[in-house]
Amino acid sequence: MMKLIFLGPPGAVKGTQAGIVSKKLGIHTISTGDMLRAAVKEGTEVGKRAKSFMDAGKLVPDEVIIGIVAERVEKPDCAKGYILDGVPRTIAQAEALESAGIRFDHVISIETEDDVVKERLVGRRVCPECGATYHTVSNPSKVEGKCDACGHELIQRHDDTADTVAHRLEIYHSETEPLKEFYQKRDVLAKVEDEGSIEDINHRIMAVLGL
Ligand code: AMP
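The following paragraphs examine the structure supplied in this document. (Residues numbered from 1 in each chain as written. Predicted model: local features only at pLDDT ≥ 70, side-chain atom pairs only at ≥ 80, totals over all residues. Heavy atoms only, no water.)

1. So, the site of the ligand
Put simply, the test is: By convention in this text, a residue qualifies as near a molecule or strand provided that one of its non-hydrogen atoms is within 4 Å of it. Side-chain atoms alone can form a polar contact between residues adjacent in sequence; in general such a contact is a pair of N or O atoms within 3.5 Å, and within protein one must be able to donate a hydrogen while the other accepts it. Per-residue and other accessible areas follow the Shrake-Rupley method at a 1.4 Å probe size, with only the shown protein chains counted as cover for residues. Helix and strand assignments follow DSSP, with helices taken as H or I runs no shorter than four residues and strands as E runs no shorter than two, numbered in order from the N terminus. Residue classes follow a fixed rule: Ala, Val, Leu, Ile, Met, Phe, Trp, Tyr, Cys and Pro count as nonpolar, while Asp, Glu, Lys and Arg count as charged, and any other residue, Gly among them, counts as polar.
Taken together, 16 residues form the shell around the ligand, and within it Thr32, Arg37, Lys58, Arg89 and Gln93 come nearest. Between the ligand and arginine 89, the relevant distance is 3.0 Å, taken from an oxygen atom to a side-chain nitrogen or oxygen of the residue. Interatomic distance of 3.2 Å between a side-chain N/O atom of arginine 168 and an oxygen atom of the ligand. Notes on the ligand: free accessible area 480 Å², of which the protein chains cover 95%. Considering every element that reaches the shell around the ligand, the biggest residue donor is helix α2 (residues 32-42), with 4 residues. Residue composition of the shell around the ligand, grouped by class: 6 nonpolar, 4 polar and 6 charged.

2. Observations concerning the sheet that holds strand β7 (residues 189-193)
Whenever strands of a sheet pair, they do so through backbone hydrogen bonds, lying parallel or antiparallel. How we decide: By the convention used here, strands pair only if DSSP detects at least 2 bridges between them. Fitted lines through C-alpha atoms give the axes, limited to the stretch in contact for helices. The angle between two N-to-C directions lies from 0 to 180 degrees. Here a residue-residue contact requires only that any non-hydrogen atoms of the pair lie within 4.5 Å.
Read across the open sheet, the 5 strands follow the order β2-β3-β1-β4-β7; overall the sheet is parallel. Looking at strand neighbours, the two that pair on one side only are β2 (28-31) and β7, the edges of this open sheet. When strand polarity is set aside, the average angle formed by the axes of neighbouring strands in this sheet is 25°. Of the strands in this sheet, β1 (2-7), β4 (106-111) and β7 touch helix α9 (residues 198-208), which is tilted by about 165° from β7.

3. Side note on the pattern of salt bridges
Condition: Salt bridges, as used here, are contacts in which a Lys or Arg side-chain nitrogen is within 4 Å of a carboxyl oxygen on Asp or Glu. Relative accessibility decides the category of a residue: with a 1.4 Å probe and only protein chains considered, values under 20% of the type maximum give buried, values over 50% give exposed, and everything between is partly exposed.
One pass over the full model with this rule turns up 14 salt bridges. For aspartate 194, the salt bridge goes to arginine 120, with nearest N and O atoms at 2.9 Å. Here aspartate 194 is found in the loop between β7 and α9, whereas its partner arginine 120 is found in helix α6 (residues 114-122), with 74 residues between them in sequence. Lysine 146 is the partner of glutamate 153 in a salt bridge, and the nearest nitrogen-oxygen pair spans 3.2 Å. A relative accessible area of 47% places glutamate 153 in the partly exposed class. Relative accessible area serves as the criterion here: at 34%, lysine 146 is assigned to the partly exposed category. What emerges from the salt-bridge pattern is a single network uniting Glu111, Glu177 and Lys180.

4. Let's talk about helix α5 (residues 91-99)
As a reminder of what qualifies: Working note: the arc is built from the helix axis to C-beta atom directions.
Those residues of α5 not exposed but buried are Gln93, Ala94 and Leu97. For α5, the buried positions fall inside an angular range of 100° around the axis, keeping them on one side. Looking at the buried positions of α5, the neighbouring elements they touch are α4 (62-73), β3 (81-85) and α8 (178-185). Glycine 101 lies just past α5 and shows a positive phi near 85°.

5. Details of a negative patch on the surface
We apply this condition: What goes into a patch is any residue over 30% in relative accessible area without a salt bridge, connected to like charges within 9 Å or, for nonpolar side chains (Val, Leu, Ile, Met, Phe, Trp, Tyr), within 5 Å. His is not counted, nor are the chain ends, whereas Lys and Arg count as positive and Asp and Glu as negative. One atom stands in for each charge, and that atom is NZ of Lys, CZ of Arg, CG of Asp or CD of Glu.
A cluster of acidic residues, Glu113, Asp115, Glu119, Glu193 and Glu195, forms a negative patch on the protein surface. With respect to the helices and strands, glutamate 113 occurs in the loop between β4 and α6. Given the relative accessible area of 59%, glutamate 113 is considered exposed.

6. Some points on the environment of leucine 169
Mapped onto the elements of the fold, leucine 169 is located in helix α7 (residues 162-176). Residues leucine 169 and threonine 16, 153 residues apart in the sequence, show an inter-C-alpha distance of 19 Å. When neighbours within four sequence positions are excluded, leucine 169 is seen to be in contact with Pro9, Asp114, Val117 and Lys118.

7. Some details on the environment of proline 10
Within the secondary structure, proline 10 is located in the loop between β1 and α1 (14-25). With 159 residues separating them along the chain, proline 10 and leucine 169 place their C-alpha atoms 7.1 Å apart. If near-sequence neighbours (up to four positions away) are discounted, proline 10 is found in contact with Val117, Leu121, Arg168 and Tyr172.

Put into structure tokens, the structure is as follows:
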């Protein structure tokens, strides 16, 4: 049973690394961003509540997040453990998880400079159909504006525009970064530099996990 949190600013390689570690350990990654985007697409009550916050690059209220995460981690496919990606994002969310009796083995903080975040996110393009992601400079699709995997038109996420990214970074520093100290005090924090290849970073993470 391994329970992990991947912490980091938007545009850190959290999602990519969580995916790799998930496969290696045979446990799921729970991404509140993905869950919320799916809820918005389906038009559920949660989606309706979350949409305006997400489009503005603001945090969705804690009670919405705590509700969806509490429900998700109770599912049978989480019995062997899980990785949280993009949650908790506030001290209130971390305290809610702790009050629910959940303890984490490791909290991996991916350390990425603000300038790197800005460049990555503003150039990010995603396929709304299959979820594939590209970057206009570092990982362009073969045909400009079209998904390599399914041919669908690529889009820029509403929250990846320059102004919204700057705002999301501010929120990261004020609301989410204090979680490092929170988990440091519980002796589970490990900082991993966001430098080098995907494999390099993954090696550092696996070393933290003792694997
Ligand atoms: P992400 O894909 O993780 O960057 O999430 C996209 C957006 O969903 C964020 O900018 C927030 O509006 C919302 N969101 C995702 N996770 C959380 C969370 N744990 N707490 C509050 N808002 C969240």
